[in-house]
Amino acid sequence: MNVLVIGTGAREHALCRSLSLDPDVTALHCAPGNAGIAEVAELHPVDALDGAAVAALATELGAELVVVGPEAPLVAGVADAVREVGIPVFGPSGEAAQLEGSKAFAKEVMAAAGVPTARSYVCTTPEEVEEALDAFGAPYVVKDDGLAAGKGVVVTDDLEAAKAHANACERVVIEEFLDGPEVSLFAITDGVTVVPLQPAQDFKRALDGDEGPNTGGMGAYSPLPWADPKLVEEVLQTVLQPTVDELRRRGTPFSGLLYAGLAITSRGVRVIEFNARFGDPETQVVLARLKTPLAGVLLAAANGTLEDLAPLRWSEDAAVTVVIASHNYPDTPRTGDPITGLDEVAAQDAPHAYVLHAGTRHDGDAVVSAGGRVLSVTATGTDLTQARERAYAAAARIRLDGSQHRTDIAAKAAAGQ
């Protein structure tokens with residue numbers, strides 16, 4: 001199979017790595033890609049938001065499957081453009097991707113499908129914002145209705161900060177605060193059949209102890225030793241399948257990756273948000289544990305044949321990923337700094353630990369930083385303790401001036417094993 005992956009981040013590097021290890025994949029392309037992806041796939045320049053350009057590239061390459069990684073191209077309808085030229089594509093239509101593109105639309109779908117979620121108000125004026133914040137009280141949860149690259153949500157006890165974020169957005173969803181730990185559960189679907197993956201937990205705050213500003217994610221781990229063994233089945237029955245069924249009923253079937261961000265509250269499981277694509281950095285740990293070759297699973301979703309797929313096989317190993325971010329992230333990050341130590345990790349830590357590139361590019365022979373989240377150092381082990389040790393040992397070899405990473409990814413879960 002000849003596969004084209006669209007995107008530039010660590011999620012796409014994780015997808016490309018898994019696809020490169022799949023014996024059925026005979027040619028692997030990525031557009032536009034990054035310095036790390038270049039080691040496993042042939043890179044091509046493309047504007048990922050330009051559906052016609054992506055479809056033309058896929059046609060030119062003779063791609064038999066296109067995998068659209070990021071949310072912005074999906075919401076922009078890139079998957080539709082590829083489908084129109086007759087190439088199977090993993091990723092929902094622009095209309096179905098509104099499940100992530102609009103928080104208000106997601107709430108409407110959940111209400112129709114009977115999916116448990118936080119009570120909420122959609123607000124467009126300062127008066128409505130005031131009323132909603134008053135109704136729920138602190139901590140205040142304010143979400144930009146549109147795409148904000150994982151940074152559109154503010155959770156704060158500071159009323160003025162909540163108002164400022166709300167009034168800076170055209171349309172916001174203000175909702176009740178959900179207590180309890182958060183879980184990310186991905187499911188692959190063809191619009192009818194839903195196949196859940198293994199759950200993961202990510203870490204949104206920039207600093208140890210869940211302090212500091214919200215980020216796109218500073219690390220993740222899987223499995224979750226503290227979670228109820230029936231969690232995946234429960235979420236499949238109460239959240240994932242009803243949502244897919246409701247979207248099909250509306251005439252906007254969702255095929256691709258449905259990602260449920262969940263809170264395990266004192267009153268049961270509640271959906272915090274839906275995403276329409278693999279999450280970053282959870283993809284890095286989930287794919288590290290998937291033993292079933294990836295290409296056939298994604299193609300079955302694209303072709304509507306998931307029902308015929310054998311059950312997925314998973315490694316018993318644990319996986320941990322630690323994100324190395326650039327100086328000043330999540331504010332305006334510094335870029336162009338050289339990265340060294342990548343060869344040492346490859347020589348001394350493989351195959352148990354490896355580096356997935358997020359914001360990197362080549363500058364001559366050097367690899368330099370090109371974004372906020374620069375690398376995802378990922379490791380597997382017999383348990384979370386060993387996976388953590390391996391991930392942090394590998395991370396210690398990498399040198400990037402002014403970089404930062406959290407030191408407590410999966411620490412609590414490992415201690416409780």
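Preceding block: the structure.
Here the structure is a predicted model, which means the values were calculated and not measured.

### As for the overall build of the chain
Argument step 1. Counting its secondary structure elements, the chain contains 14 helices and 24 strands.
Argument step 2. Across its three principal directions, the C-alpha atoms of the chain cover 55 × 45 × 40 Å.
Argument step 3. By residue count, 57% of the 417 residues in the chain fall in the buried class.
Argument step 4. For the chain, the share of sequence-separated contacts (at least 6 apart) that also reach a separation of at least 24 residues comes to 69%.
Argument step 5. Element-wise, carbon and sulfur atoms account for 49% of the exposed surface of the chain, whose accessible area totals about 16,600 Å².
Argument step 6. Computing the positive centroid from 31 side-chain charges and the negative centroid from 58, the chain places the two 4 Å apart.

### Let's talk about the sheet that holds strand 6 (residues 120-123)
Working definition: the strands of a sheet are paired by backbone hydrogen bonds and lie parallel or antiparallel to each other.
Argument step 1. Read across the sheet, 4 strands follow the order 6-9-7-8 without closing on themselves; strand pairing throughout is antiparallel. The open sheet has two edge strands, strand 6 and strand 8 (153-156), and neither has a second partner. Ignoring strand direction, the axes of neighbouring strands in this sheet form an average angle of 20°.
Argument step 2. Pairing between strand 7 (residues 140-144) and strand 9 (residues 172-175): 4 bridges, direction antiparallel. Bridging across to strand 9, Lys 143 finds its partner in Val 173.
Argument step 3. Along the sheet face, helix 6 (residues 103-113) touches strand 6, strand 7 and strand 9 and points at about 50° away from the line of strand 9.
Argument step 4. Each of strand 7, strand 8 and strand 9 is contacted by helix 8 (residues 159-167), which is oriented at about 15° to strand 7, the strand it contacts most.

### Topic: the sheet that holds strand 21 (residues 360-363)
Argument step 1. The strand order 21-22-19-24 describes an open sheet built from 4 strands, whose pairing is antiparallel. Because the sheet does not close on itself, it has two edges, and the strands there are strand 21 and strand 24 (399-400).
Argument step 2. As defined by bridge partners, strand 21 adjoins strand 22 (residues 366-369) across 4 bridges and the pair is classed as antiparallel. Of the residues in strand 22, the one forming a bridge with His 362 is Val 367.

### Considering the nonpolar core
Considering soluble globular proteins, one finds that nonpolar side chains tend to be buried as a cluster.
Argument step 1. With 78 residues, the main nonpolar core has Leu 4, Val 66, Leu 99, Leu 240, Val 320 and Ile 398 as its most contacted residues.
Argument step 2. Per-element accounting of this core gives the leading share, 7 residues, to helix 9 (residues 231-249).
Argument step 3. Not counting chain neighbours up to four residues away, the residues in contact with Leu 4 comprise His 29, Cys 30, Ala 31, Leu 57, Ala 58, Leu 61, Ala 63, Leu 65, Val 66 and Val 67.
Argument step 4. If you look at the next biggest cluster of nonpolar residues, it comprises 40 residues, including Leu 197, Val 285, Leu 290 and Ala 300.

### A look at helix 11 (residues 294-303)
Argument step 1. Considered for burial, the residues of helix 11 that qualify are Leu 294, Ala 295, Val 297, Leu 298, Ala 300 and Ala 301.
Argument step 2. Each element contacted by the buried residues of helix 11 is listed here: helix 1 (10-20), strand 4 (65-68), strand 5 (89-90), strand 10 (182-189) and helix 10 (282-289).
Argument step 3. Phi for Gly 304, located one or two positions after helix 11, is positive at around 75°.

### Some words on the pattern of salt bridges
Argument step 1. Tallying each qualifying case throughout the model produces 23 salt bridges.
Argument step 2. With a shortest N-O distance of 2.7 Å, Glu 246 and Arg 249 are connected by a salt bridge. Highlighted residues: Glu 246 and Arg 249, both in helix 9, separated by 3 residues, approximately one helical turn.
Argument step 3. Looking at Arg 249, the relative accessible area reads 60%, which means it is exposed.
Argument step 4. Classification of Glu 246 by relative accessible area gives buried; the value is 6%.
Argument step 5. The structure contains a network of salt bridges with shared partners spanning Arg 11, Glu 12, Glu 71, Glu 100 and Arg 277.

### Some words on the pairing of strand 4
Argument step 1. What you see with strand 4 is no split at all: Leu 65 and Val 67 on one side and Val 66 and Val 68 on the other are buried throughout.
Argument step 2. The pairing of strand 1 (residues 2-7) with strand 4 spans 4 bridges and is parallel. Its bridge partner being in strand 4, Leu 4 is matched across the sheet by Val 66.
Argument step 3. Looking at chain direction, strand 4 and strand 5 are connected through 2 bridges and run parallel. Residue pairing across strands places Val 66 opposite Val 89, the latter belonging to strand 5.

### Observations regarding the environment of Gly 371
Argument step 1. With respect to the element layout, Gly 371 can be found in the loop between strand 22 and strand 23 (373-381).
Argument step 2. Residues Gly 371 and Arg 334 lie 37 residues apart in sequence; the distance between their C-alpha atoms is 7.6 Å.
Argument step 3. Residues within four places of Gly 371 in sequence aside, it is in contact with Ser 326, Pro 333, Arg 334, Thr 335 and Gly 359.

### Looking at the layout of surface pockets
Argument step 1. Considered as a void within the structure, the second largest pocket measures approximately 500 Å³ in volume.
Argument step 2. Considering the residues around the second largest pocket, the lining is formed by 25 residues, among which Glu 39, Leu 342, Ala 346, Val 355 and His 357 are closest to the centre.
Argument step 3. Among the secondary structure elements, those contributing two or more residues to the lining of the second largest pocket are helix 1, strand 19 (338-340), helix 12 (342-348), strand 20 (353-357) and strand 22.
Argument step 4. Among the elements that line the lining of the second largest pocket, the one with the most residues is strand 20, at 5 residues.
Argument step 5. Of the residues assigned to the lining of the second largest pocket, the class counts are 14 nonpolar, 7 polar and 4 charged.

### Here we look at the side chain of Ser 315
Argument step 1. Within the secondary structure, Ser 315 is located in the loop between helix 11 and strand 18 (318-325).
Argument step 2. Since its relative accessible area comes to 17%, Ser 315 is described here as buried.
Argument step 3. At a separation of 2.9 Å, a polar atom in the side chain of Ser 315 contacts the main-chain amide nitrogen of Asp 317.
Argument step 4. Not counting residues within four places of it along the chain, the set of residues in contact with Ser 315 comprises Arg 289 and Lys 291.

So, how was this worked out
- Residues numbered from 1 in each chain as written.
- Predicted model: local features only at pLDDT ≥ 70, side-chain atom pairs only at ≥ 80, totals over all residues.
- Heavy atoms only, no water.
- Helix = DSSP H or I, 4+ residues; strand = E, 2+ residues; numbered from the N terminus.
- Buried < 20%, exposed > 50% of the residue type's maximum accessible area, 1.4 Å probe, protein only.
- Contact = heavy atoms within 4.5 Å.
- Areas by Shrake-Rupley, 256 points an atom, 1.4 Å probe, with all protein chains shown as cover.
- Lys, Arg positive; Asp, Glu negative; His and termini not counted.
- Charge placed at Lys NZ, Arg CZ, Asp CG, Glu CD.
- Pairing = 2+ DSSP bridges.
- Axes fitted to C-alpha atoms, helices over the stretch in contact; angles between N-to-C directions.
- Core = buried A, V, L, I, M, F, W, Y, C linked by side-chain atoms within 4.5 Å.
- Salt bridge = Lys/Arg side-chain N within 4 Å of Asp/Glu carboxyl O.
- 1 Å grid on protein atoms, 1.4 Å probe; cavity = no way out; pocket = protein on both sides within 12 Å on 5 of 7 lines; lining within 4 Å.
- Points joined across faces, edges and corners; volume = space filled by probe spheres on them.
- Nonpolar A, V, L, I, M, F, W, Y, C, P; charged D, E, K, R; others polar.
- Polar contact = N/O pair within 3.5 Å; in protein donor to acceptor, adjacent residues only side chain to side chain.

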